[in-house]
Amino acid sequence: MHRERQLTIYVEGLTMAWGTGKGGSSGGGSGANDGGQGKHGGKKDPGDSKTNADHQSGKADNKHKKDGWWASAYAEAPVVTQINDGRESEDDPVPTSSLSDPGIVFRTLHMLDLRNGMRVLEIGTGPGWNAALMSHRLGPGLVTSVEVDPDVTASARSALHELGLSPVVVCGDGSRGWAPGAPYDRVIATCAFRSVPSELISQTVAGGSVLLPWDSPWTGWGLLLLTVGTDGDASGRFSPHSAFMLNRRQRSGVRLYRDVVRDEHVPDESHTDLPAFEIAEDRGDLAFGIGMRLADVWQAWDNDPDVDGVARRLWLATTDAKSWAAVDWAGDGTKGCTVWQHGPRRLWAEVAEAHAWWLANDEPGPDRFGLTVAPDGSHSFWLDDPRTVVRSSAPPLE
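This text gives an overview of the structure that appears in the document.

Considering the overall build of the protein chain
Then comes step 1: Helix and strand counts for the protein chain come out as 10 helices and 19 strands.
Then comes step 2: For the protein chain, buried positions account for 54% of its 398 residues.
Then comes step 3: If you take every contact in the protein chain between residues at least 6 apart in sequence, the share linking residues at least 24 apart comes to 60%.
Then comes step 4: Total accessible area computed for the protein chain in this model is approximately 17,200 Å², and 51% of it derives from carbon and sulfur atoms.

Next up, the structure:
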């Protein structure tokens, strides 16, 4: 069948599935950001361990006709198909599943370099569009797609079946891979990861590829393409320009006022002349570099802090909720910022050091960074060359 006709039929099939109001994938399958917004003393929590503003999307009404769905599906933006994991919630709406921007879909499939006869594992089925494209390319039974959300799984499986496509669609934790279908020549995720699960490497043939959207608590931006070695190791480089919802298993769910800041805390006070807000607001190369250096530091903004003499406040905290910092700007006409830090780590000092390191290394972007995963699961992040290690981490806790 002609490719354009096949895609047209597929989007029409998705119209039927989406009519149920049940979600699908986003810049990934049913991954998600760390959960919504909380309350503190009658005031909204300024943020969790990952802000939601980075994930913009189009909005479509289930009552639209199929041509409206066609326009939404091929718009240059993700289409959110589920919020708050499909459950009723008193928190603000948080996208937890969507249909990815077509540009990133085609880019990742090009990076995957599919060849005839290859077996592929997809993590995050969502509406099933990516699985459909790969199944159309490779043929029946060669694509296995794992989706964590039961309702999303059922909708995708039904839509794919009605179109005559035959990927294996499984409801389960995709971060564990899918051992019954292994080994795979290619693994691709449609949700972001902060560490590489060992199962994804062990279930891939030597010389095979693992392609994962990358996320750090500081920023979600980038793709990681690994080549699997002969000894259970894997190594590869990052590339820029993608942002996906975080894999559900790797969410932290830390809330600033609920889990981190306490009334009895007595922080240390200092001053900085660095452009604190310019540093923290960056969403490009600098943000990625800070995320590489600081594995567990996240930020949140309070643009109305309700504190005398403070026009705007930047919060920093660790994902274990043991250390925090607040960087206060007094407003126009003032120089520098007041810094408050509490806990065993001086977080603003760490951010300042990461910023200085980034400048000293010629402002590297994602494509200068790489990652090697050892057979024991430990991670070594490097700059330009695997011998220039930027940060190492122990095997992820299971």
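There's more to say after this.
Re the environment of Ala295
Then comes step 1: Secondary-structure assignment places Ala295 in the loop between α9 (285-293) and β13 (297-302).
Then comes step 2: The spatial distance from the C-alpha of Ala295 to the C-alpha of Ser393 is 8.8 Å, given a sequence separation of 98 residues.
Then comes step 3: Ignoring sequence-local partners within four residues, the contact set of Ala295 consists of Pro217 and Arg391.

Quick word on α9
Then comes step 1: Across the nine residues that make up α9, a large majority, seven, are buried.
Then comes step 2: Elements in contact with the buried residues of α9: β11 (234-239), α8 (276-281), α10 (347-360), β17 (369-373), β18 (379-383) and β19 (389-393).

Here we look at the packing of aromatic side chains
Then comes step 1: Under the defined criterion, the tally for this structure stands at eight aromatic pairs.
Then comes step 2: Measuring from centroid to centroid gives 5.4 Å for Phe238 and Phe288, while their planes differ by 70°, and the two rings are edge-to-face. With Phe238 in strand β11 and Phe288 in helix α9, the pair connects residues that are 50 residues apart, well separated along the chain. Of the two residues, Phe238 and Phe288, both sit in the buried class.
Then comes step 3: Taken together, the aromatic side chains of Trp214, Phe238, Phe288, Trp357, Phe369 and Phe381 make up a single cluster linked through ring pairs.
Then comes step 4: Above the face of the Phe381 ring, Arg391 is positioned so that its terminal group lies 4.1 Å from the ring centre.

Considering the side chain of Arg186
Then comes step 1: Relative to the elements of secondary structure, Arg186 occurs in strand β8 (residues 184-189).
Then comes step 2: There is no salt bridge for the buried Arg186, and the closest opposite charge comes from Asp113, which lies 4.2 Å off by N-O distance.
Then comes step 3: A polar contact is formed between the side chain of Arg186 and the backbone oxygen of Leu112, at a distance of 2.6 Å.
Then comes step 4: Polar contacts involving the side chain of Arg186 include one to the main-chain carbonyl oxygen of Asp113, which spans 3.4 Å.

Describing a negative patch on the surface
Then comes step 1: On the surface, Asp285, Asp362, Glu363 and Asp367 cluster together into a negatively charged patch.
Then comes step 2: As for its position among the elements, Asp285 is in helix α9.

Quick notes on the rules
- Residues numbered from 1 in each chain as written.
- Predicted model: local features only at pLDDT ≥ 70, side-chain atom pairs only at ≥ 80, totals over all residues.
- Heavy atoms only, no water.
- Helix = DSSP H or I, 4+ residues; strand = E, 2+ residues; numbered from the N terminus.
- Buried < 20%, exposed > 50% of the residue type's maximum accessible area, 1.4 Å probe, protein only.
- Contact = heavy atoms within 4.5 Å.
- Areas by Shrake-Rupley, 256 points an atom, 1.4 Å probe, with all protein chains shown as cover.
- Phe/Tyr/Trp six-rings, centres within 6.5 Å; stacked < 30°, edge-to-face > 60°.
- Lys NZ or Arg CZ within 6 Å of the ring centre and 35° of its normal.
- Lys, Arg positive; Asp, Glu negative; His and termini not counted.
- Salt bridge = Lys/Arg side-chain N within 4 Å of Asp/Glu carboxyl O.
- Polar contact = N/O pair within 3.5 Å; in protein donor to acceptor, adjacent residues only side chain to side chain.
- Patch = residues over 30% accessible without salt bridge, like charges linked within 9 Å, V, L, I, M, F, W, Y side chains within 5 Å.
- Charge placed at Lys NZ, Arg CZ, Asp CG, Glu CD.

Spatial relationships are all this shows, so hold off on functional conclusions.
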